[in-house]
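Here are the chains, one letter per residue:
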Amino acid sequence: MSQSTDLINLDTLAQELATIQQTGSKRIALLGSRHVPITHQNLIEMMTYALVLSGNRIITSGATGTNSAAIKGATRADANLLTVILPQSLERQPLESRQQLEQVMHLVENPSNDTLSLAEASYLCNKEIVSRCQQLICFAFHDSRTLLQTCQDAEEQRKVVTLFYFD
């Protein structure tokens, strides 16, 4: 039993090391809470801008707060390296988000999730985002159940996960 645990840990370690050492571009998912102070949003925007300038592809969702800041930063650096996956159709997004999202070149809608609650649709959307990335950067609160579940799912898929807490 301990051999299989050791193998999983070695595999995980090897994959994380390879991702960290990778000098080429990566597919980085950036997700987080909607309820983010403007100063934090500015930091997220600058970080995303730098990641894209370094040649990384950013995958995020379309919510306000963290995701909106990521969209701003990626768009400023190179809009072609940004993919936004919505939990539902564009029409179901708040007006303040829609105006920004209409400018995104690579926008994926999920109208089949329009009948689901936002929490359910967001969870499915986050799963799709994680399946497309090599690394997940997440900004959450300790009670952000959907985001924390997404981080756990990403770790189970042996993705490199960086989780920042606001509280």
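What you are looking at is a predicted structure, and each value in this text was computed from that prediction instead of being measured.

**Q** Please set out the side chain of Gln41 residue by residue, giving values where relevant.
**A** With respect to the secondary-structure elements, Gln41 resides in helix α2 (residues 38-53). For Gln41, a relative accessible area of 15% gives the class buried. Within the local environment of Gln41, its side chain forms a polar contact with the backbone oxygen of Val36, the two atoms lying 2.8 Å apart. Those residues in contact with Gln41 that lie beyond four places of it in its chain are Val36, Gly65 and Ala69.

**Q** Requested: an account of the environment of Leu86, with residues and values cited.
**A** Along the chain, Leu86 turns up in the loop between β3 (82-85) and α4 (95-101). For Leu86, a relative accessible area of 0% translates into the label buried. With 38 residues separating them in the primary sequence, Leu86 and Leu124 have C-alpha atoms 9.9 Å apart. The residues touching Leu86, leaving out its near neighbours within four places in the chain, are Ser61, Gly62, Gln93, Leu101, Leu107, Val108, Glu109, Asn110 and Cys125.

**Q** Give a detailed account of the layout of surface pockets, specifying residues and quantitative values.
**A** When its volume is computed, the largest pocket comes out at roughly 600 Å³. Lining the largest pocket are 27 residues, with Gly32, Arg34, Leu118, Ser122 and Thr146 sitting closest to its centre. Among the elements of the structure, β1 (27-32), α4, α5 (118-132) and α6 (145-156) are those that each provide at least two residues to the lining of the largest pocket. The element that contributes the greatest number of residues to the lining of the largest pocket is α5, accounting for four residues. Its residues assigned to classes, the lining of the largest pocket comprises eight nonpolar, 14 polar and five charged.

**Q** Kindly report on the packing of aromatic side chains, identifying the contributing residues and their values.
**A** Per the counting criterion, the structure on display carries three aromatic pairs. With a centroid separation of 5.0 Å and 15° between ring planes, the pair formed by Phe139 and Phe164 is classed as stacked. Pair noted here: Phe139 is in strand β5 (residues 135-140) and Phe164 is in strand β6 (residues 160-165), with a separation of 25 residues, a long-range link. Assessed through its relative accessible area of 8%, Phe139 is described here as buried. For Phe164, a relative accessible area of 39% translates into the label partly exposed. Both rings, one in Phe139 and one in Phe166, keep their centres 6.0 Å apart while their planes meet at 25°; by these two values the pair is stacked. Here Phe139 is found in strand β5, whereas its partner Phe166 is found in the segment after β6, with 27 residues between them in sequence. Each member of the pair, Phe139 as well as Phe166, is classed as buried. An aromatic cluster is present here, built from Phe139, Phe141, Phe164 and Phe166 joined pairwise through their rings.

Criteria and thresholds
- Residues numbered from 1 in each chain as written.
- Predicted model: local features only at pLDDT ≥ 70, side-chain atom pairs only at ≥ 80, totals over all residues.
- Heavy atoms only, no water.
- Helix = DSSP H or I, 4+ residues; strand = E, 2+ residues; numbered from the N terminus.
- Buried < 20%, exposed > 50% of the residue type's maximum accessible area, 1.4 Å probe, protein only.
- Polar contact = N/O pair within 3.5 Å; in protein donor to acceptor, adjacent residues only side chain to side chain.
- Contact = heavy atoms within 4.5 Å.
- 1 Å grid on protein atoms, 1.4 Å probe; cavity = no way out; pocket = protein on both sides within 12 Å on 5 of 7 lines; lining within 4 Å.
- Points joined across faces, edges and corners; volume = space filled by probe spheres on them.
- Nonpolar A, V, L, I, M, F, W, Y, C, P; charged D, E, K, R; others polar.
- Phe/Tyr/Trp six-rings, centres within 6.5 Å; stacked < 30°, edge-to-face > 60°.

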